[in-house]
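Commentary on secondary and tertiary structure
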Amino acid sequence: GCPFACSFCPYPDTAGGHFAMDLDLVEQQLRDIRARGGIDRIIFIDDTFNVPIRRFLQLLDILQKFAFEWFSFLRVQYVTDEVARLMKASGCRGVYLGVESADDEVLRNMNKKATRDGFARGMAHLNKYGITTFVAFVVGFPGETEETIQGNINFLREHQVDFYSTKEFYYMPHASIHRDRERYGLTGMGGEWRHNTMDSKTASEMKVHIFREVKNSVFVDPDTSLWHLAYLYDQGLSMPDIAACQREINQMMLNDIDGRFADKQTQMASLRRILDGKLVPRPALHA
């Protein structure tokens, strides 16, 4: 479950509450994993792995007893210097940050209980300790404008974001935003909608605009996201190798967007050079 209530997400209602596993049981499961042998990396799939923060600090103490490298989803606004230091010491290699927007008004509309400044502070701590960051954005939520889109672009340019994704707002009737639809002039459903400040067609165009404009951070498909990074890392690639590969893939996608469908030879040659001799499969486990 999830202790938050973001207005675009129905999960807090459908999950039926938030229930945290007893930490003694977590530690025993980690011991069992270690006893199996051959497993040295874990992906934690909890949506709010570091909430509540006191429990997370206890969990980091437990993780330091083992030699696992790990990836997780994370609420970055709760990351302090101490938390980031302990994350690194316990084996954290990368985190998925559901930032969704870098605009405070859009964040209020989303009921994110977070601010742009809070995101920036937490990310600075993660960057200080060399923890790879993956930032996810929702494009087109009520309140979104071309100006807020530019704010997202500026956020990616101003902060050290290793990887990012963008995904258009998807309107679901069982999400709490549906109850406020008249306030925002929200009509339509699913992937086709409009509201007072944007429509789904414009959101799709803005997604491509961000893809073209952002150069310092590397786009990754939102449906693979953290899994993509963790899998390639587990196969023997370093994070710089993964970024280099993804930049070549992104250039091929840009070529396709511009109608140059056959223009892939340069990128394929670069991919072969990057990958040559580096893929070494290793065992992994979800937890």
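These notes cover the structure that comes with them. For every chain, the first residue of the written sequence is number 1, and numbering continues from 1 along that sequence. Local features in a predicted model are, by the rule used here, given only for residues with pLDDT of at least 70; side-chain atom pairs are given and counted only at 80 or more, and totals for whole chains, interfaces and linings are based on all residues. Side-chain numbers come from the whole structure's heavy atoms, not from hydrogens or water.

Turning to the packing of aromatic side chains, a few remarks are in order. By convention, a stacked pair of Phe, Tyr or Trp rings (six-membered ring in the case of Trp) has centres within 6.5 Å and planes under 30 degrees apart, an edge-to-face pair has planes over 60 apart, and any other such pair is tilted. Applying the stated criterion across every chain, the model contains 16 aromatic pairs. Between the aromatic rings of Phe169 and Tyr171, the centroid separation amounts to 6.2 Å while the plane-to-plane angle is 25 degrees, which identifies the pairing as stacked. Like Tyr171, Phe169 is buried. Among the aromatic side chains, those forming a connected cluster through ring pairs are Phe8, Phe141, Phe169, Tyr171 and Trp193. Here the basic side chain of Arg34 rests over the ring of Phe68, its NZ or CZ set 4.2 Å away from the ring centre. Note on geometry: a ring has a charge over it if NZ (lysine) or CZ (arginine) is within 6 Å of the ring centre and within 35 degrees of the ring normal. The lysine or arginine in question, Arg75, covers the ring of Phe4, its NZ or CZ lying 3.9 Å from the ring centre. Working definition: with a 1.4 Å probe on protein chains only, accessible area under 20% of the residue-type maximum means buried, over 50% means exposed, and in between means partly exposed.

Turning our eyes to something else, we now look at the pairing of strand β2 (residues 69-74). For β2, a buried count of six out of six residues is recorded, marking the element as mostly surrounded by other parts of the structure. Neither face of β2 is left uncovered, since the one carrying Glu69, Phe71 and Phe73 and the one carrying Trp70, Ser72 and Leu74 both have all their residues buried. Taken together, β2, helix α4 (residues 81-89) and strand β3 (residues 92-100) constitute a β-α-β crossover, and its handedness is right-handed. Segments assigned H or I by DSSP are reported as helices when at least four residues long, segments assigned E as strands when at least two residues long, and all are numbered from the N terminus. Place the viewer so that the strands point away; then a crossover is right-handed whenever the path from the first strand over the helix to the second strand goes clockwise.

Glancing now at the packing of helix α10 (residues 225-234) against helix α11 (residues 239-257). The relative placement of two packed helices comes down to the angle between their axes together with the axis-to-axis distance. The axes used here are C-alpha line fits, helices contributing only the stretch in contact, and every angle between their N-to-C directions lies in the interval 0 to 180 degrees. Look at α10 against α11: their axes get within 10 Å of each other, and the N-to-C directions meet at 120 degrees. Here α10 is positioned oblique relative to α11, judged by the angle of their axes. Note on packing geometry: the crossing formed by α10 with α11 is right-handed. Of the residues in α11, those in contact with His228, Leu229, Leu232 and Tyr233 of α10 are Met239, Ile242 and Gln246. By the convention adopted, Pro, Cys, Tyr, Trp, Phe, Met, Ile, Leu, Val and Ala count as nonpolar, Lys, Arg, Asp and Glu as charged, and the other residues, Gly among them, as polar. Of the residues in the contact of α10 with α11, the class split is five nonpolar, two polar and no charged. Any angle from 65 to 115 degrees is called roughly perpendicular, while one under 35 is roughly parallel, one over 145 is roughly antiparallel, and all others are oblique. Here a crossing is called left-handed whenever its near helix is offset anticlockwise from the far helix by less than a right angle, and right-handed whenever the offset is clockwise. Throughout, a contact is declared for two residues whenever any of their heavy atoms are within 4.5 Å.

Let us now look at helix α7 (residues 146-158). To estimate the expected span of a helix, count its residues, drop one, and scale the result by 1.5 Å. With 13 residues, α7 should cover 18 Å at 1.5 Å per step; its first-to-last C-alpha distance of 18 Å lies within 8% of that length. Among the residues making up α7, those that are buried are Thr148, Ile149, Gly151, Asn152, Ile153, Phe155 and Leu156. Looking at the buried residues of α7, the elements they touch are α5 (104-110), α6 (116-128), β4 (132-139), β5 (163-168) and α9 (200-213).

Before going further, it helps to spend a moment on the pairing of β4. The buried fraction of β4 is high, at eight of eight residues. A two-sided burial pattern is seen for β4, the buried positions comprising Thr132, Phe134, Ala136 and Val138 on one face and Thr133, Val135, Phe137 and Val139 on the other. Whether two strands pair comes down to DSSP finding at least two bridges between them. As defined by bridge partners, β3 adjoins β4 across five bridges and the pair is classed as parallel. Across the sheet, residue Leu97 finds its bridge partner in β4, namely Val135. The handedness of the β4 to β5 crossover, carried by α7, is right-handed.

As a further point, take the environment of Arg181. Position of Arg181 among the secondary structure elements: in helix α8 (residues 181-184). When its relative accessible area of 33% is taken as the criterion, Arg181 is described as partly exposed. Considered as a pair, Arg181 and Gly277 are 96 residues apart in the sequence and their alpha carbons are 54 Å apart. Setting aside anything within four residues of it in sequence, one finds Arg181 in contact with Tyr171 and Leu186.

With that settled, the discussion passes to the pattern of salt bridges. When a carboxyl oxygen of Asp or Glu is within 4 Å of a side-chain nitrogen of Lys or Arg, the pair counts as a salt bridge. With the rule as written, the count across this model stands at 18 salt bridges. One salt bridge connects Arg31 with Glu27, and the closest N-O pair in it is separated by 2.8 Å. Residue Arg31 and its partner Glu27 are both found in helix α2 (residues 23-36); the two are separated by four residues, about one turn of the helix. In this structure, Asp40 engages Arg41 in a salt bridge whose closest nitrogen and oxygen atoms are separated by 3.1 Å. Judged by relative accessible area, Asp40 falls into the partly exposed class, the value being 29%. One continuous salt-bridge network, built from bridges that share partners, spans Asp40, Arg41, Glu69, Arg93 and Asp234.

Moving on, we come to the environment of Leu275. Mapped onto the fold, Leu275 is located in helix α12 (residues 265-275). Given a relative accessible area of 30%, Leu275 falls into the partly exposed group. Beyond its immediate chain neighbours, meaning those up to four positions away, Leu275 contacts Leu237 and Cys245.

This brings us to the packing of α11 against α12. Contact pair α11 / α12: the axes reach a minimum separation of 10 Å and the direction vectors enclose 170 degrees. By the angle between their axes, α11 is roughly antiparallel relative to α12. Touching Asp241, Ala244, Cys245, Glu248, Ile249, Gln251, Met252 and Asn255 of α11 are Gln267, Met268, Ser270, Leu271, Ile274 and Leu275, all from α12. Across the contact of α11 with α12, the residue classes break down as eight nonpolar, four polar and two charged.

Shape descriptors only; they carry no functional weight alone.
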